[in-house]
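Residue strings, one per chain:
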Amino acid sequence: MRRSILFLTAGLLACSPRAASAEPAQDGVADLGSYAARVEMHPFESLTLTDRQFLAGTSEGAKPVTVAGLLRIAKPGSERLPTVILMHGSGGLGGNIEFWQRALAARGISTFAIDGFTGRGLTSVNTDQSLLARTNLILDIYRALGVLAQHPRVDPSRIAVMGFSRGGQAALYASLKRFDAAWNRSGVTPALYLPVYPDCAIRFRDDTALVDRPIRMFGGSGDDYNPAATCAAYAERLKAAGADVGLTVYPGAQHVFDNPNGPAHPVVAKGAQTVRACAIREAEGGALVEGPNATPFAYTAPCVQHDPHIGSDAAARAATLSSVSDALEAAFRRP
């Protein structure tokens, strides 16, 4: 049974004219308007499964798990609001998620931040990506759509999916028709997909057949964790297949450039694993293989490297916020 827990109510904001009409500050976040009118914690049921299980479309042997999402309702009242699902990366919920929660609230957009780790007993997988199969976060997104589809303050026709790094990969591939048909039981097709510095290193079967919705990707040319060049190659394949996809790459920007709490100058993410040198693809039966010899992929593979860099970038963060705001406005525009 799905449960809702009230986490915080900021009812006083409803009485503040400034809160109702606050303009975004220079960094894109308004002083008062960026606070939510109401915050709810929603536990929901998902599964912990292997990539092979997910790709084969079977839940047999998967472990049931309760994960959670934090719904920040942007405005008081009873109106159904546009909502963006936020899917974290390998480090879990962090400063970049809070930035987007507040920045989108300042624009009258609710957010649903999924915590895909705590319910699975995890805090981070940066240094051991084998702790959780990557496709689990795709499933969590689909299950979150089911939560939002039933919420009286959410407009199901105006839901977008945004993810970062590993979560950006999940947001990107949640758009695949094949995955959507196999796992999405919500009855909702997101209006827009927003992967931010995603990992595009895996070539899935039928990965150019997408649901009919736009994708807007963002990355940095300085990113040596999830290089933007890999996503550029995928974007070109998608465009050739007729998809509405765009990729914006910010010169010099590092991985997690949108995190205001990130280091001002690039630092090594010590021990973090990156598959930037891997050529991973889906083989028969949902197996993931790597390289010309189709060797079964594991994070002990020689192609897996370590110690990529991370760094905050205020200019890239502001530019992404502007582009994301424009993309959401276009996707959420009522006919």
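Everything numeric in this text was worked out from a predicted model, so none of it was measured.

Calculation criteria
Residues numbered from 1 in each chain as written. Predicted model: local features only at pLDDT ≥ 70, side-chain atom pairs only at ≥ 80, totals over all residues. Heavy atoms only, no water. Buried < 20%, exposed > 50% of the residue type's maximum accessible area, 1.4 Å probe, protein only. Helix = DSSP H or I, 4+ residues; strand = E, 2+ residues; numbered from the N terminus. Pairing = 2+ DSSP bridges. Right-handed = clockwise from strand over helix to strand, strands pointing away. Lys, Arg positive; Asp, Glu negative; His and termini not counted. Salt bridge = Lys/Arg side-chain N within 4 Å of Asp/Glu carboxyl O. Polar contact = N/O pair within 3.5 Å; in protein donor to acceptor, adjacent residues only side chain to side chain. Contact = heavy atoms within 4.5 Å. Expected span 1.5 Å × (residues − 1). Axes fitted to C-alpha atoms, helices over the stretch in contact; angles between N-to-C directions. Parallel < 35°, antiparallel > 145°, perpendicular 65-115°, else oblique. Left-handed = near helix turned anticlockwise from the far one by under 90°. Nonpolar A, V, L, I, M, F, W, Y, C, P; charged D, E, K, R; others polar.

Student: Talk me through the pairing of strand β4 (residues 81–87); I want residue IDs and the actual numbers.
Tutor: In terms of residue burial, β4 counts as a mostly covered element, since seven of its seven residues are buried. Here β4 runs beside strand β5 (residues 110–115); their pairing, made up of five bridges, is parallel. Within β5, the position partnered with Thr83 by the bridge is Ser110. After leaving β4, the chain enters helix α3 (residues 95–105) and then returns to the sheet as β5, a path that is right-handed.

Student: Please set out the side chain of Glu290 residue by residue, giving values where relevant.
Tutor: Take Glu290: it is sitting in strand β14 (residues 288–290). In this structure Glu290 is buried but unpaired, with Arg281 as the nearest side chain of opposite charge at 9.3 Å. From its side chain, Glu290 meets the backbone nitrogen of Ala279 in a polar contact 3.1 Å long. If we skip the residues at most four places from it in the chain, Glu290 touches Ala277, Cys278, Ala279, Ile280, Thr295, Phe297 and Cys303.

Student: Please set out the sheet that holds strand β15 (residues 295–296) residue by residue, giving values where relevant.
Tutor: Across the sheet, which stays open at both edges, the four strands sit in the order β8-β13-β14-β15 with mixed pairing between neighbours. What marks the edges here is a single partner per strand, and that holds for β8 (202–203) and β15. Examined bridge by bridge, β14 and β15 share two bridges and lie antiparallel to one another. Bridge pairing links Val289 to Pro296 in β15.

Student: Mind laying out helix α8 (residues 314–332), listing which residues take part and the relevant values?
Tutor: Here α8 contains 19 residues, and its C-alpha end-to-end distance of 26 Å stays within 8% of the 27 Å for a straight helix at 1.5 Å per residue. The set of residues buried in α8 consists of Ala316, Arg317, Thr320, Leu321, Val324, Ser325, Ala327, Leu328 and Phe332. Here the buried face of α8 lies against β4, α3, β6 (154–164), β7 (192–196), β9 (215–220) and β10 (245–250). Between a side-chain oxygen at the N-terminus of α8 and the backbone nitrogen of Ala315 the separation is 3.1 Å; the capping residue is Asp313.

Student: Tell me what's going on with the packing of helix α4 (residues 136–149) against helix α5 (residues 166–173), and back it up with residues and numbers.
Tutor: What describes two packed helices is the angle between their axes and the distance between those same axes. It is at 8 Å that the axes of α4 and α5 come closest, and there the two elements cross at 60°. Taken together, the axes of α4 and α5 lie oblique to each other. Considering only the axes of α4 and α5, their crossing is right-handed. Residue-level contacts link Leu137, Ile138, Ile141 and Tyr142 of α4 to Arg166, Gly167, Ala170, Ala171 and Tyr173 of α5.

Student: Explain the packing of α3 against α8 to me, using residue names and the numbers behind them.
Tutor: Running from N to C, α3 and α8 cross one another at 50°; their axes reach a closest spacing of 12 Å. By the angle class used here, α3 and α8 are oblique. Relative to α8, α3 is oriented so that their crossing is right-handed. Together, Phe99, Trp100, Ala103 and Leu104 of α3 and Arg317, Thr320, Leu321, Val324 and Leu328 of α8 make up the contact between the two elements. Classifying every residue of the contact of α3 with α8 by side-chain character gives seven nonpolar, one polar and one charged.

Student: Just give me the short version of the side chain of Asp115, but keep the residues and values in it.
Tutor: By secondary structure assignment, the location of Asp115 is in strand β5. An unpaired buried charge is present at Asp115: no salt bridge exists, and Arg120, the closest side chain of opposite charge, is 7.6 Å distant. Of note is the side chain of Asp115, whose polar atom sits 2.5 Å from the side chain of Thr118. In contact with Asp115, not counting residues within four places along its chain, are Val67, Ala68, His88 and Leu93.

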